[in-house]
Amino acid sequence: QVQLVESGGGLVQAGGSLRLSCTASVSILSLKISVMGWYRQAPGKQRELVATITARGNTNYADSVKERFTISRDNAKNTVYLQMNSLKPEDTAVYYCTLGVQFWGQGTQVTVSS
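The structure presented is a predicted model; accordingly, all values stated were derived computationally and were not measured. (Residues numbered from 1 in each chain as written. Predicted model: local features only at pLDDT ≥ 70, side-chain atom pairs only at ≥ 80, totals over all residues. Heavy atoms only, no water.)

**A closer look at the overall build of the protein**
Here's step 1: Looking only at helices and strands, the protein features zero helices and eleven strands.
Here's step 2: Relative to the 2.2 N^0.38 estimate, which gives 13 Å for 114 residues, the radius of gyration of the protein is 13 Å and therefore close to what a compact globule would have.
Here's step 3: Considered along the principal axes of its C-alpha atoms, the protein spans approximately 45 × 25 × 25 Å.
Here's step 4: Looking at the 114 residues of the protein, the share that counts as buried comes to 44%.
Here's step 5: The contacts of the protein with a sequence gap of at least 6 include a subset with a gap of at least 24, amounting to 53%.
Here's step 6: Put simply, the protein shows about 6100 Å² of open surface, and 47% of that area lies on carbon and sulfur atoms.
Here's step 7: Considering the protein, the positive charge centre built from 11 side chains and the negative charge centre built from 7 side chains are found 7 Å apart. (Helix = DSSP H or I, 4+ residues; strand = E, 2+ residues; numbered from the N terminus. Rg over C-alpha atoms; globule rule 2.2 N^0.38 Å. Buried < 20%, exposed > 50% of the residue type's maximum accessible area, 1.4 Å probe, protein only. Contact = heavy atoms within 4.5 Å. Areas by Shrake-Rupley, 256 points an atom, 1.4 Å probe, with all protein chains shown as cover. Lys, Arg positive; Asp, Glu negative; His and termini not counted. Charge placed at Lys NZ, Arg CZ, Asp CG, Glu CD.)

**Details of the state of the cysteines**
Here's step 1: Going through the model one piece at a time under the given rule, you end up with one disulfide.
Here's step 2: Between C22 and C97 runs a disulfide, and the two sulfur atoms are separated by 2.0 Å. On the S-S bond that ties C22 to C97, the torsion sits near -75 degrees, and the link is left-handed. Taken together, the positions of C22 in strand β3 (residues 18-24) and C97 in strand β9 (residues 93-99) put the pair 75 residues apart, joining distant regions of the chain. No difference in accessibility class separates C22 from C97, as the two residues are buried. (Disulfide = S-S within 2.5 Å.)

**Let's talk about the packing of aromatic side chains**
Here's step 1: By the definition in use, this model includes two aromatic pairs.
Here's step 2: Consider the rings of Y96 and W104, whose centres lie 6.4 Å apart with planes at 65 degrees: the pair is edge-to-face.
Here's step 3: A relative accessible area of 14% means that Y96 is categorised as buried.
Here's step 4: These aromatic residues form a ring-pair network of at least three members: Y39, Y96 and W104. (Phe/Tyr/Trp six-rings, centres within 6.5 Å; stacked < 30°, edge-to-face > 60°.)

Interpretation note: all reported values are geometric properties and have no functional meaning in isolation.
Below, the structure written as structure tokens:
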């Protein structure tokens, strides 16, 4: 069974940075699932896509995080990262790692204070 374990969330002041990590319990390349990503859900709002990355490194970002967030992956470590800079209070949410659409992490809380 595939498990995704996220880490790196926490409380940060506006303008600060955080780096989220998500490690899969199996070889992600062996699953032949190309895309890994990050979603987030703020209180009272729908879950939304933050960023995705393919096995070849092609990336896609939500407009709200472009030029502030960077997604990357290390296939050898079965890990995907989300570097978040210039954080804003509206970035406050639970962040979820995904492998394809089938597998989701448990979520990690990111809170940005003003």
